Amino acid sequence: MSAASCLLTEDQFLCPICLDVFTDPVSIPCGHNFCKACISEHWDINVPSQCPNCKEVFNIKPEPHVNTFISEMAAQFRQSAQQKASSSSSEQQVVKPGEVPCDACTGTRLKALKSCLVCLESYCETHLEPHLTRAGLKKHQLIDPVENLEGRMCVKHDKLLELFCKTDQVCVCMLCTVSDHKTHDVVPLKEGYEGKKAELGKTEAETQQMIQKRRLKIQEMNRSVELSKEGADREIADGVQVFTALKESVERSQAELIDTIKEKQRETEEQAEGFIKELEQEVSELKKRSSEVEQLSRSEDQLHLLQSLTSLNAAPPTKNWTEVRVRPPSYEGTVGRAVTQLEETLRKQMKKLLSEVELKRVQQYEVELKRVQQSEVELKRVQQSEVEVTLDPDTAQPNLTLSDYGKQVTHGDVKKNLPDNPERFDTCACVLAKQSFSSGRFYYEVQVEGKTKWELGVARESINRKGIITLTPQEGYWTIWLRNENEYKALADPPVGLSLKSQPQKVGVFVDYEEGRVSFYDVDAAALIYSFTGCCFKEKLYPLFCPCNNDGGKNSAALIISPVNHTE
């Protein structure tokens, strides 16, 4: 039996009706074999009884007879197939949550590899084999595994939805085209799919363009706010300077007014004090004479009184105080004159201060203009060292996608199955240029517009390209990066935070090999971003590009190597 089974093929053990290995095989008078249940059901539906294979008609439904030989061979084949399936199932993946299971598996269900749109079932590797080997099943349409295959059938006609009605924008079956959608514009499902996919691609591109425009508008508004703040701070500083000077002038005038008034009051007090002192002196002399007169007047001795009168001191000299007055000074007009004088002083001082502020602004503008002009001259000079740079696909991390001409690189979620050659980055989303440089100067520009994260720079030939990488000069990397849309750093050791007036849309990279310098420029602003100096290069240097993870589409824009625009 074992030797005989080796000469038989799989098709000889399959029922022509259910297309599976025989179960309770029986023979009918014409000699063909079927599963007992299959032929019985077939004859119950089709009258008169007919052989499904040779189409021989039996007026009286025959009684099928058990085919012992086929039964034994089918049992042995089924056992062999089960052992084969059991052996291969250990190598196949058991279905996980979220994956499509095989509908034909019993017990442990394996992950489906394909779904059949004719059978409306999904199959693992073992159960998919008949669809790949048998002529009748090869014609079935296989797709990547999906759930709910019943949803791909027309609910009205129970036929496969294989057409697309462009008029009603719905999927239809063949019978729909001769009924409800008879006069409509109907195309094959693939054509409708490709058309809609193209529309979605266009919509996605338009959406990304709208997002980019709005991001640029946000940057523009943020820059306007920054300029407004800079202007406000400058005006506040100038205003504080002017008003501080004016305040000091007012305080000086106030102090002078008070001093003038107090001086007049002091002079009045001194005059009154002089008069009072004289009057008190005269009062003292008069009181003394009054005492003498009073004492003499009390004498009862006539001779003594008369004799003493001649020796009585003459009356002391006194001043006629009738017209003497202490007149309070007149303060009328003092404040008015002081205010008028202050106004004139303030007017002259304000004119002088405003002139100084304006002169200061002009000087600041001239300094800034000179700096910009020097930066433009420097940028034009380094642009003369422009070189051709293209991306090397042999170094690209598997999640990266390069353009056909090697000028653009983007990051995707799908990791490609690429050879893990020594030159390739396997973890960090980096790619090197094909070109290397070991002397002289070279310069290239990279468009970073629309990105929220990126890394750019150069790397030496012997860098580590596997696993997690530390981007520092000690490890052979001279780079700068952007994080969180506006956090710029030069990746020195330790990293250096960069404060930029504007967000670069295009970055220029310049290297002077002999001088040991790596510089980065904001091309549009013609401004130097950062320079690594005092570097010691002993190996070939390669331009390095890292678009970073796409962050679910937030950072999906490409790094683009741009031609240098040599402006006059």
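Just so we're clear, the structure is a prediction, and the values are computed from it rather than from any experiment.

Cut-off values and rules
Residues numbered from 1 in each chain as written. Predicted model: local features only at pLDDT ≥ 70, side-chain atom pairs only at ≥ 80, totals over all residues. Heavy atoms only, no water. Disulfide = S-S within 2.5 Å. Helix = DSSP H or I, 4+ residues; strand = E, 2+ residues; numbered from the N terminus. Buried < 20%, exposed > 50% of the residue type's maximum accessible area, 1.4 Å probe, protein only. Core = buried A, V, L, I, M, F, W, Y, C linked by side-chain atoms within 4.5 Å. Contact = heavy atoms within 4.5 Å. Arc of directions from axis to C-beta. Pairing = 2+ DSSP bridges. Axes fitted to C-alpha atoms, helices over the stretch in contact; angles between N-to-C directions. Phe/Tyr/Trp six-rings, centres within 6.5 Å; stacked < 30°, edge-to-face > 60°. Lys NZ or Arg CZ within 6 Å of the ring centre and 35° of its normal. Salt bridge = Lys/Arg side-chain N within 4 Å of Asp/Glu carboxyl O.

**Quick notes on the state of the cysteines**
Logical step 1: For the structure on display, the rule yields one disulfide.
Logical step 2: Residue Cys430 pairs covalently with Cys546 via a disulfide, S to S 2.4 Å. When the S-S torsion is 95 degrees, as for the bridge of Cys430 with Cys546, the disulfide is right-handed. A residue pair is termed long-range when its members are at least 10 positions apart, and Cys430 in the loop between strand S13 (408–411) and strand S14 (431–432) and Cys546 in strand S23 (residues 541–546) qualify at 116 residues. By the burial criterion, Cys430 is buried, and Cys546 matches it.

**What about the nonpolar core?**
Logical step 1: In terms of nonpolar packing, the biggest core is built from 38 residues, with Trp454, Phe532 and Phe545 touching the most fellow members.
Logical step 2: Filtering out sequence-adjacent residues up to four positions away, Trp454 remains in contact with Val448, Ile480, Trp481, Leu482, Arg483, Tyr488, Val507, Cys546, Cys548 and Leu559.
Logical step 3: One finds Phe13, Cys15, Val26 and Ile28 within the second-largest nonpolar core, a separate group that totals 17 residues.

**Focus on helix H2 (residues 36–45)**
Logical step 1: Turning to H2, its buried residues are Cys38, Ile39 and Trp43. What you see down the axis of H2 is that its buried residues fit within an arc of 125 degrees, all on one side. Exposed side chains of H2 directed beyond 90 degrees from the buried face belong to Ala37, Glu41, Asp44 and Ile45.
Logical step 2: Of the surrounding secondary structure, the elements contacted by the buried residues of H2 are strand S1 (25–27), strand S2 (33–35), strand S3 (49–50) and strand S4 (57–58).

**Concerning the sheet that holds strand S11 (residues 186–188)**
Logical step 1: Spatially, three strands are ordered S10-S9-S11 in an open sheet, and the strand pairing comes out antiparallel. Of all the strands in the sheet, just strand S10 (170–172) and S11 have a single pairing partner and so form its edges. Taken pair by pair, the neighbouring strands of this sheet meet at an average axis angle of 35 degrees, ignoring direction.
Logical step 2: Inspection of the sheet shows strand S9 (residues 163–165) paired to S10 by three bridges, in the antiparallel sense. Residue pairing across strands places Cys165 opposite Val170, the latter belonging to S10.
Logical step 3: Those strands touched by helix H6 (residues 189–297) are S9, S10 and S11, and its axis lies near 95 degrees from that of S11.

**Digging into the pairing of strand S17 (residues 477–483)**
Logical step 1: Judged by how many residues are buried, S17 sits mostly within the fold: six of seven residues are covered.
Logical step 2: In the sheet, S17 pairs with strand S18 (residues 487–490) via four bridges, with the strands oriented antiparallel. Residue pairing for S18: Trp481 is matched across the bridge by Lys489.
Logical step 3: The antiparallel pairing of S17 with S18 creates a hairpin that spans three residues between the two strands, and Asn484 there sits at a positive phi of about 55 degrees.

**Regarding the packing of aromatic side chains**
Logical step 1: By the definition in use, this model includes nine aromatic pairs.
Logical step 2: On the numbers, 6.1 Å between centres and 80 degrees between planes, the contact of Phe275 with Trp321 is edge-to-face. Residue Phe275 is found in helix H6, and its partner Trp321 is found in the loop between helix H7 (302–311) and helix H8 (334–383); the two are separated by 46 residues along the sequence.
Logical step 3: Residue classification places Phe275 among the buried positions, given a relative accessible area of 18%.
Logical step 4: Of the residues examined, Trp321 reaches a relative accessible area of 17% and is grouped as buried.
Logical step 5: Between Tyr530 and Phe532, the aromatic rings sit 5.0 Å apart at their centres with planes inclined by 80 degrees, giving edge-to-face as the arrangement. Judged on exposure class, the residue Tyr530 and its partner Phe532 are both buried.
Logical step 6: One Lys or Arg, Lys319, reaches over the ring of Trp321 and ends 4.8 Å from the middle of that ring.
Logical step 7: One cation-aromatic arrangement involves Arg483 over Trp481; the distance from NZ or CZ to the ring centre is 3.9 Å.

**Thoughts on the pattern of salt bridges**
Logical step 1: One pass over the full model with this rule turns up 23 salt bridges.
Logical step 2: A salt bridge links Asp44 to Lys61; the shortest N-O distance between them is 3.6 Å. Here Asp44, found in helix H2, pairs with Lys61, found in the loop between S4 and strand S5 (65–66); they are 17 residues apart in sequence, far enough to count as distant.
Logical step 3: Residue classification places Asp44 among the exposed positions, given a relative accessible area of 55%.
Logical step 4: A salt bridge links Glu278 to Lys319, with the nearest nitrogen and oxygen atoms 3.7 Å apart. Pair noted here: Glu278 is in helix H6 and Lys319 is in the loop between H7 and H8, with a separation of 41 residues, a long-range link.
Logical step 5: The exposure class assigned to Glu278 is partly exposed, which follows from its relative accessible area of 37%.
Logical step 6: By relative accessible area, which is 37% here, Lys319 ends up partly exposed.

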